[in-house]
Amino acid sequence: MDVESPDLTPVVPLVLVLHDEAVQRDELVERLRGHLAARYRVLAAAGVREAADALAHAIGVGRPIALVISLMRLPDGSAIELFGHLKAASPATRRILLARAPEADAMLQAITQAQVDRYLVLPAEPLTERLYPMVDDLLGEWAAQHGGSQIGVTVLGHRYSSSAYLIKDYLARSLVPFTWFDLADDPQAQALARDLNLPSPVPTTVLLDDGRALHEPSIAQLAEALELTEPATLDRYDLVVVGGGPAGLSAAVAAACDGLTVVVIEDDCPGGQAAGTVHMENHLGYPAGLTGADFAHRALAQAKRLGVQWCSAKVATALLPLRGAHRVMLDDGTVVVGRSVLIATGMTWRRMDAPGMEELLNSGVYYGYSKPETRQVEGEDVVVAGSGDAAGTAALEFAEHARSVVLVVREPSLDEAAISPELAERITREERIRVVCDREIGEVRGYGRLEKVVLLEGAHGTTELLNVSSLYVLTGTVPFSGWLRDVVAQDEYGFILTDVEVVRRPETLPLPWPEERAPLLAETSVPGVFAAGDVRAGSVKRISSAIGQGSVAVAGIGRYLASLSPAD
């Protein structure tokens, strides 16, 4: 029997507005329709009962409910009552509460109980400054996590294809919703490949809603097709930021606010490794917390609004220092010139040197992980290697879906590993997790995909063979600074030395410090080249610290630029 090809027509998600005054309600709906265009269907309701009926119908027909915006007090009930039902029936739906000034106490109680995502005290004019940013934030967050099957980007390929993994990972961390079709066991995917007359074996193919099809695209090609990057258009910038993580984005925003021309060179997506942070509870100004990806994309939107150019999916390969015209070489052969440069390349996962690792990279062997990946291992056997909180958290999250998880720890016991006691206790209570201590990955095997992992015991050299589908390596990170070796001073671990450390450790300098003045705040051993964030020696390895460092570095950058002559 023939299998019908899947219907790729996007289903438009729903945004519902509740207000008891018809004129204001209709005006708000019309303005939101204009703002959201055709990406979302905006409906209105006058009360809780009418809204409940509309939401029940949407759920019944499979229409996703992205956002509900409701007045606190309605003729037949309250928004809190509606939000309570909504949280159970459609937990993914985002909620904005509109409250009048006398309702402040009830509004604060709702926020404390996590019944709303955002709130706004009326009157809320102008909407472009008060409401629209909230709507855009929440819809972007919703689309990234739950809107994949509704928006017109489709990825067709094999789960264990390295290119398919890289594409899906990039799209997910870039908050681009997409539909995934696995050719291995999905008849719809196979029918779609036939309809598209794709060759055999089928290449990883990205289908865009404008009719374009990209076959085995590189990340740079994908970023260009989706307009997630832009070219560096100026002959020379005041500041070239290399690295689009928290430190780099923070510096870009601060420098743009000071009137500098800024371009950010990022080899991946906004936020760097922070984009994979599941949830930040301690970020100031967000009582409900936010994900690393949410933070990164909000920061990028802010930077772009201030005129910062975003050049992503480009890898910086070399730095050629020249006073007033430092040259950053990119992997595509282009050169970006800046009067000053900020290095904010952060950290990268430490690679494991074991037979088979490179051959099976991204085909069952992965460095780091993302939340969506934990749901792809349903009923499978997984290995997580690492002795820190990142590995422990990963083991727990994979155990929610996998049949079994083996946590490989190099230390003789879990108590001696760098895992917090609370996390270790949760791991030992989880029946699906088996902790093996005093072990390391000795070898990985497989044909085209991971099939077996060989564990090697440290003390006696004995081995254990595991039949698994995936290996996630989280054995620590190292600074991403190798491309600057022999250019700027680094410590023995590869962290970049700045300001006072440059003076204290002259033996590390590739070239002597050439200025009569001392290095400025955050300045490296090369005048006009600065460093901030995790790649900087002595920095606190936290997102909040990186944000602060990026902003503070701009003070030193400003002083350096002011010292240049007009000819520079």
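Residues numbered from 1 in each chain as written. Predicted model: local features only at pLDDT ≥ 70, side-chain atom pairs only at ≥ 80, totals over all residues. Heavy atoms only, no water.

**Some words on the sheet that holds strand β3 (residues 65–71)**
Within a sheet, neighbouring strands are paired by backbone hydrogen bonds and run either parallel or antiparallel to one another. Which entries qualify depends on this criterion: Pairing between two strands requires that DSSP report at least two bridges joining them. Numbered from the N terminus, helices here are DSSP runs of H or I no shorter than four residues, and strands are runs of E no shorter than two. Angles shown run from 0 to 180 degrees and are taken between the N-to-C directions of axes, each axis being a line fitted to C-alpha atoms and, for helices, limited to the stretch in contact. Two residues qualify as a contact provided that any one of their heavy atoms is within 4.5 Å of a heavy atom in the partner residue.
Strand order across the open sheet formed by five strands is β2-β1-β3-β6-β7, with parallel pairing between neighbours. The open sheet has two free edges, formed respectively by β2 (41–45) and β7 (118–121), since each of these has just one partner strand. When the angles between neighbouring strand axes are averaged without regard to direction, this sheet yields 15°. Note that strand β1 (residues 14–18) and β2 share five bridges and pair parallel. By the bridge assignment for β2, Leu14 is matched with Arg41. Strand contacts of helix α3 (residues 79–89): β1, β3 and β6 (94–99), with the helix running at about 175° to β6, the strand carrying the most contacts.

**Focus on empty space enclosed by the protein**
Selection criterion: Of the two site types, the cavity is a set of points on a 1 Å grid over the protein atoms alone where a 1.4 Å probe fits but cannot get out, and the pocket is an open set with protein on both sides within 12 Å along at least five of seven lines, each lined by residues with an atom within 4 Å of a point. Grid points are joined across faces, edges and corners, and a volume is the space filled by probe spheres set on the points. By the convention adopted, Pro, Cys, Tyr, Trp, Phe, Met, Ile, Leu, Val and Ala count as nonpolar, Lys, Arg, Asp and Glu as charged, and the other residues, Gly among them, as polar.
In the structure shown here, the tally under the stated rule is one cavity of 30 Å³ or more. Within this model, the largest cavity holds a volume of roughly 50 Å³. Every residue along the wall of the largest cavity is listed here: Arg159, Tyr165, Lys168, Tyr366, Glu373, Gln376 and Tyr472. Classifying every residue of the lining of the largest cavity by side-chain character gives three nonpolar, one polar and three charged.

**Quick word on the nonpolar core**
Within soluble globular proteins, side chains that are nonpolar tend to cluster in buried spots. Short version of the rule: Residues grouped as a nonpolar core are buried Ala, Val, Leu, Ile, Met, Phe, Trp, Tyr and Cys residues, joined through side-chain atoms within 4.5 Å. Under the scheme applied here, a residue whose accessible area is under 20% of the maximum for its type counts as buried, over 50% as exposed, and between as partly exposed, the area being computed with a 1.4 Å probe on protein chains only.
Core analysis: the biggest nonpolar cluster contains 45 residues, and Val68, Ile96 and Val135 have the highest contact counts within it. Within the residue set of this core, elements represented by two or more residues are β1, α1 (22–36), β2, α2 (48–61), β3, α3, β6 and α6 (132–146). Examining the composition of this core, we find that seven residues originate from one element, α6, more than from any other. Beyond its immediate stretch of four places on either side in the chain, Ile96 contacts Leu67, Val68, Ile69, Ser70, Phe83, Arg118, Leu131, Met134, Val135 and Leu138. Ala299, Ala344, Ala522 and Ile557 belong to the second largest nonpolar core, which has 31 residues in total.

**A short note on the sheet that holds strand β21 (residues 404–408)**
Read from one edge of the open sheet, five strands run β19-β26-β20-β21-β22, paired in parallel fashion. If you trace the sheet from one side to the other, it starts and ends with β19 (365–367) and β22 (433–436), each paired once. Adjacent strand axes in the sheet meet at a mean angle of 20°, parallel and antiparallel pairs treated alike. As judged from the five bridges shared by strand β20 (residues 381–385) and β21, these two strands associate in the parallel manner. Paired with Asp381 across the strands is Ser404, a residue of β21. Sheet strands in contact with helix α13 (residues 389–399) are β20, β21, β22 and β26 (470–473), and its direction is about 170° off that of β20.

**Quick word on the packing of aromatic side chains**
Quick reminder of the rule: Stacked, edge-to-face and tilted labels apply to pairs of Phe, Tyr and Trp rings (six-membered ring for Trp) whose centres lie within 6.5 Å, assigned for plane angles under 30 degrees, over 60, and everything in between, in that order.
Scanning the entire structure with this criterion turns up six aromatic pairs. For the ring pair Tyr40 and Trp142, a centre distance of 6.4 Å and an interplane angle of 65° mean the geometry is edge-to-face. Here Trp142 lies in helix α6 and Tyr40 lies in the loop between α1 and β2, a separation of 102 residues in the sequence. As far as the burial class goes, Tyr40 and Trp142 line up, both buried.

**With respect to the confidence of the model for the chain**
We count it as follows: The predictor rates its confidence in each residue with pLDDT, a number between 0 and 100.
Looking at the chain, the pLDDT average stands at 86 and 89% of residues meet or exceed 70. In the predicted structure, residues 1–6 sits below a pLDDT of 50 and forms 11 contacts with residues beyond four places in sequence or in another chain. For the stretch residues 147–151, pLDDT sits under 50, and the model shows 15 contacts to residues farther than four places along the chain or on other chains.

**Description of the pairing of strand β12 (residues 237–242)**
The cut-off we apply is this: With strands facing away from the observer, any crossover in which the path from the first strand over the helix to the second runs clockwise is taken as right-handed.
Burial analysis of β12 places six of its six residues in the buried class, the great majority of the element. Of the pairings in the sheet, the one linking β12 to strand β17 (residues 335–343) comprises five bridges and is parallel in character. Bridge pairing in β17 links Val241 to Leu342. Inspection of the sheet shows β12 paired to strand β13 (residues 262–266) by four bridges, in the parallel sense. Residue pairing for β13: Val241 is matched across the bridge by Val264. With helix α10 (residues 246–257) bridging β12 and the parallel β13, this β-α-β connection has right-handed handedness.

**Quick notes on the environment of Met134**
Along the chain, the position of Met134 falls in helix α6. Given the relative accessible area of 17%, Met134 is considered buried. Residue contacts for Met134: discarding those within four places in its chain leaves Ile96, Arg118, Tyr119 and Leu120.

**A word on the pattern of salt bridges**
Our working rule: Put simply, a salt bridge is a Lys or Arg side-chain nitrogen that is within 4 Å of an Asp or Glu carboxyl oxygen.
According to the stated counting rule, one finds 20 salt bridges in the structure shown. A salt bridge links Arg95 to Asp117; its shortest N-O distance comes to 3.5 Å. Residue Arg95 is located in strand β6, and its partner Asp117 is located in the loop between α4 (104–112) and β7; the two are separated by 22 residues in the primary sequence. The pair formed by Arg95 and Asp117 is uniform in burial state, with each residue classed as buried. Across the pair Asp381 and Arg403 runs a salt bridge, and its minimum N-O distance is 2.6 Å.

**A few points about the packing of α2 against α3**
Applicable threshold: For this classification, under 35 degrees means roughly parallel, over 145 means roughly antiparallel, 65 to 115 means roughly perpendicular, and everything else is oblique.
Orientation of α2 relative to α3, taken along the N-to-C sense of each, is 10°, at an axis distance of 11 Å. Considered as vectors, α2 and α3 are oriented roughly parallel to each other. Facing Val48, Ala51, Ala52, Leu55 and Ile59 of α2, the residues of α3 in contact are Leu82, Leu86 and Ala89. A per-class count over the contact of α2 with α3 returns eight nonpolar, no polar and no charged.

**Observations concerning the packing of α10 against helix α16 (residues 543–563)**
If you want to describe how two helices pack, look at the angle between their axes and the distance between the axes. How we decide: Note on convention: the crossing is left-handed when the near helix lies turned anticlockwise from the far helix by less than a right angle, right-handed when the turn is clockwise.
In contact at an axis separation of 7 Å, α10 and α16 are set at 35° when each is read in the N-to-C sense. Helix-helix and strand crossings are classified by hand; for α10 and α16 the assignment is right-handed. On the side of α10, the interface is formed by Pro246, Ala247, Ser250, Ala251, Ala254 and Ala255, while α16 contributes Ile543, Ala546, Ile547, Gly550, Ser551 and Val554. Partitioning the contact of α10 with α16 into residue classes produces nine nonpolar, three polar and no charged.

**Description of α1**
In an α-helix, one full turn covers 3.6 residues, which means residues spaced three or four apart are oriented alike. Stated precisely, the cut-off is as follows: How far a helix is expected to stretch is found by multiplying one less than its residue total by 1.5 Å.
The first and last C-alpha atoms of α1 sit 21 Å apart over 15 residues, in line with the 21 Å expected at 1.5 Å per residue. Positive backbone phi, at 55°, marks Ala37, one or two positions downstream of α1.

**Considering helix α14 (residues 421–429)**
Our working definition: Think of it as the arc spanned by the lines of direction from the helix axis to the C-beta atoms.
What α14 keeps buried is the set Leu423, Ala424 and Ile427. Seen along its axis, α14 keeps its buried residues to an arc of 100°; they face one direction. Across from the buried face of α14, at angles greater than 90 degrees, the exposed residues are Pro421, Glu422 and Arg429.

**Here we look at the side chain of Lys168**
Summarising the element assignment, Lys168 is placed in helix α7 (residues 162–173). Once residues within four sequence positions are removed from consideration, Lys168 is found in contact with Val155, Phe178, Trp180 and Gln376.

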